[in-house]
Amino acid sequence: MREFADFVRSNGMGFGLWMEPERACQGTPVYVEHPDWFLEEDAIVFDLSNPAVREHLCGELTRLVEAYGLCWMKLDFNSNLFRDRTGSNYYRYYQAEAQLMAMIRERNPGCTFEGCASGGMRSDFHHCLDFYHGFFVSDTVHPIECLRIRQGIGLRMLPAYTGAWAVLHETPFSIGSYAVRNRATRTKVLAAGDPWWHHTVDVTADFAVKLNLLGEWGLSGDLTSYSSHTVETMKKGISFYEAHRGFLGRSVCHLLTSIQHIHDETGWTALQFENIDGAGSLIFVFRMADDATDFVIYPKNLEMQRIYRVRIDDEDLEPLAGDVLFSEGILVQCASRYEGRIISIQPIV
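Predicted, not measured: the structure shown is a model, and the values here were computed from it.

A. Representation of the layout of surface pockets within the structure. As a volume, the largest pocket reaches approximately 1,400 Å³. Trp72, Trp165, Trp217, Gly218 and Leu219 are the residues nearest the centre of the largest pocket, which is lined by 36 residues in total. Elements with a minimum of two residues in the lining of the largest pocket: α1 (2-10), β1 (16-19), β4 (72-76), β5 (112-116), β6 (134-136), β7 (163-170), β10 (216-221) and α8 (228-249). Counting residues per element, the lining of the largest pocket draws most heavily on β10, which supplies six residues. Classifying every residue of the lining of the largest pocket gives 19 nonpolar, eleven polar and six charged.

Here it is as structure tokens:
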């Protein structure tokens, strides 16, 4: 593993691990040697209220960080804890988890720890901001499902701290379609529709990237399958994210369209990220399975007499006053289904 970690770093990347530290299995050495360290609930989990357990787990995670030079670690939790026989409804466990994460982060300041516990129903505001550096709220990588989840996140969490993945594969051959029949030019970028690739979703690289710019994002799948055009699209998305990362991290989300069911692929969807330091907003607009090529969005929280610089992707519009934007909105055009636009609204000093 150390050799593999060094190989990854030699290619200009960091190395990380994904683990689930709170659970154990019968017959493992730690379970046999320390049976009093565990809660025999609906799953075998460490009793985090025990100081010896917290020290053990912190030591194990620190050992892994140091042994493999980790810059990132995902801490998962996939157990459904239905009952707490101590009678505290896992309050003591939750408080002890906070102590454990504080210990881990203090001893490993150079490592990013990402939480991942939708299966354990642990995606509350406290977990996302105080326990971890970021949070992955669902294992799905289906693009539309991820967008719908983003809408829900926007109501109760800081979305820039929640993770997303673009898991893509590009066909090495051309495929015709009902709307685009030129087989000589139409390759397809397919996103994973489920964890097993039994189902796929036909997307454009630009659409997939813009969906994932809404939070901490990563790439997976067969990156070697990407065409030069897709690679350039990814580079552009990464550059955009790096340039706006601080902005997004200091933003709250306003939903400019209504929340839709997780499997609903119809209509248009728009989310406004307003910077709390007064630097303006980024609005992400997506055309789904909708026949209309035009859509008008109405930004929120604008100063009526302020003049704003407006930009749609790479096109600058005429500066507009806040009251005009509020009353007339911004016309967004997407020629095809499953396209996205990013609108930047910045106050002119």
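B. Representation of the sheet that holds β4 within the structure. In spatial order, the strands read β1-β4-β5-β6; together these four strands make up an open sheet with parallel pairing. Two strands lie at the open edges of the sheet, namely β1 and β6, each paired on one side alone. For this sheet, the mean angle separating the axes of adjacent strands, direction not counted, is 20 degrees. Relative to β5, β4 runs parallel, the two being bridged by five bridges.

C. Structural view of the nonpolar core. Grouped together as the largest cluster of nonpolar side chains are 41 residues, with contacts concentrated most on Phe38, Phe46, Leu48, Leu70, Met73 and Phe113. Elements supplying a minimum of two residues to this core: α1, α2 (29-33), β2 (38-40), β3 (44-46), α3 (51-68), β4, α4 (91-107) and α5 (125-131). At seven residues, α3 tops the list of elements feeding residues into this core. Other than its neighbours up to four places away in sequence, Leu70 contacts Phe15, Gly16, Leu17, Leu64, Val65 and Cys111.

D. A look at empty space enclosed by the protein. On inspection of all chains with the given rule, the structure shows three cavities of 30 Å³ or more. Lining the largest cavity are 15 residues; nearest its centre among them are Pro143, Cys146, Trp165, Leu211 and Asn212. Only α6 (143-156), β7 and α7 (205-212) provide two or more residues apiece to the lining of the largest cavity. Sort the elements by how many residues they give to the lining of the largest cavity and β7 lands first, with five residues. Here the residues of the lining of the largest cavity sort into 13 nonpolar, one polar and one charged. Together, Phe136, Val137, Ser138, Thr140, Cys146, Ile149, Arg150, Ile153, Gly163 and Ala164 line the second largest cavity. Classifying every residue of the lining of the second largest cavity by side-chain character gives six nonpolar, three polar and one charged.

E. Just the pattern of salt bridges, in detail. Under the counting rule described, the total for this entry stands at 16 salt bridges. The closest approach of N and O atoms between Lys236 and Asp314, which form a salt bridge, is 3.0 Å. You can see Lys236 sitting in helix α8 and its partner Asp314 sitting in the loop between β15 (307-312) and β16 (315-316), a full 78 residues away along the chain. In this structure Lys236 comes out as exposed when scored by relative accessible area, which is 52%. Asp314 gets classed as exposed once you look at its relative accessible area, which sits at 54%.

Calculation notes
Residues numbered from 1 in each chain as written. Predicted model: local features only at pLDDT ≥ 70, side-chain atom pairs only at ≥ 80, totals over all residues. Heavy atoms only, no water. 1 Å grid on protein atoms, 1.4 Å probe; cavity = no way out; pocket = protein on both sides within 12 Å on 5 of 7 lines; lining within 4 Å. Points joined across faces, edges and corners; volume = space filled by probe spheres on them. Helix = DSSP H or I, 4+ residues; strand = E, 2+ residues; numbered from the N terminus. Nonpolar A, V, L, I, M, F, W, Y, C, P; charged D, E, K, R; others polar. Pairing = 2+ DSSP bridges. Axes fitted to C-alpha atoms, helices over the stretch in contact; angles between N-to-C directions. Core = buried A, V, L, I, M, F, W, Y, C linked by side-chain atoms within 4.5 Å. Buried < 20%, exposed > 50% of the residue type's maximum accessible area, 1.4 Å probe, protein only. Contact = heavy atoms within 4.5 Å. Salt bridge = Lys/Arg side-chain N within 4 Å of Asp/Glu carboxyl O.

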